[in-house]
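Residues per chain, in single letters:
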Amino acid sequence: MSEPRLTSEFWVQAYLARLRLADIPAFVTSKGDLTAGAVLIKLNTLDGQACCYQRSFDLVSGERAWIVLSEGQEAIVDDAIAKQCSFDPDLWVIEIEDRSGRHLLDELGLA
């Protein structure tokens, strides 16, 4: 029996609440499918650099993990995100602005 999945909208709202509690500014820049849209996390360190994370599924272990989709100059990361959005109109994009590079994706319940 498979484990029940959270809707994308519920996960996004919970994640944004967790970021707010840690005083990390974040906002949704692209609202995807409420039920099953994939989520990209853009971390903007406000120095011209950024990193975009996507959720990946390891077929061998069965684990889900956040991996880097793109990193470097913010414009390059934005281009990678725009390309993904052109392939998947149901995609959610959350942008975090944190000079320290905090994203909380490695914390319990989000990792």
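Residues numbered from 1 in each chain as written. Predicted model: local features only at pLDDT ≥ 70, side-chain atom pairs only at ≥ 80, totals over all residues. Heavy atoms only, no water.

**Digging into the overall build of the protein chain**
Going by this rule: Each helix is a run of DSSP H or I of at least 4 residues and each strand a run of E of at least 2, with the numbering of both proceeding from the N terminus. Radius of gyration: C-alpha atoms only; globule rule: 2.2 Å multiplied by the number of residues to the exponent 0.38. Using a 1.4 Å probe on the protein chains alone, a residue whose accessible area is under 20% of its type maximum counts as buried, one over 50% counts as exposed, and one in between counts as partly exposed. Under the convention used here, a 1.4 Å probe and the Shrake-Rupley method define accessible areas, while residue burial counts only the protein chains that appear. When charges are tallied, Lys and Arg are placed among the positive residues and Asp and Glu among the negative ones, while His and the ends of the chain are skipped. Taken as the charge centre is NZ of Lys, CZ of Arg, CG of Asp or CD of Glu, depending on the residue.
What the protein chain contains, in helices and strands, is two helices and five strands. Scanning the protein chain from its N terminus toward the C terminus, one meets helices and strands in the order α-β-β-β-β-α-β. Over its C-alpha atoms the protein chain spans a radius of gyration of 14 Å, differing by no more than 12% from the 13 Å that the globule rule assigns to 111 residues. Along the three orthogonal principal directions, the C-alpha set of the protein chain runs to about 45 × 35 × 30 Å. For the protein chain, buried positions account for 32% of its 111 residues. Carbon and sulfur atoms provide 53% of the accessible area of the protein chain, an area that totals close to 7,000 Å². If the 10 positive side-chain charges of the protein chain are averaged to one point and the 18 negative ones to another, these points end up 3 Å apart.

**Re the pairing of strand S5 (residues 92-97)**
Both faces of the sheet carry side chains from a regular strand, because those side chains alternate between them. Rules: Each pair of strands is called paired provided DSSP finds at least two bridges between the two strands.
S5 sits mainly inside the fold: five of its six residues count as buried. Relative to S5, strand S1 (residues 26-30) runs antiparallel, the two being bridged by four bridges. From the neighbouring strand, phenylalanine 27 faces S5, where its bridge partner is glutamate 95.

**Overview of the side chain of lysine 42**
Basically, it comes down to this: Only heavy atoms enter the contact rule, under which two residues are in contact if any of them lie within 4.5 Å.
Tracing the backbone through its elements, the reader meets lysine 42 in strand S2 (residues 39-44). Overall, lysine 42 belongs to the buried group, its relative accessible area being 3%. Among residues more than four places away in sequence, those in contact with lysine 42 are Ala50, Cys51, Cys52, Glu74, Val77, Asp78, Ile81, Ile94, Glu95 and Ile96.

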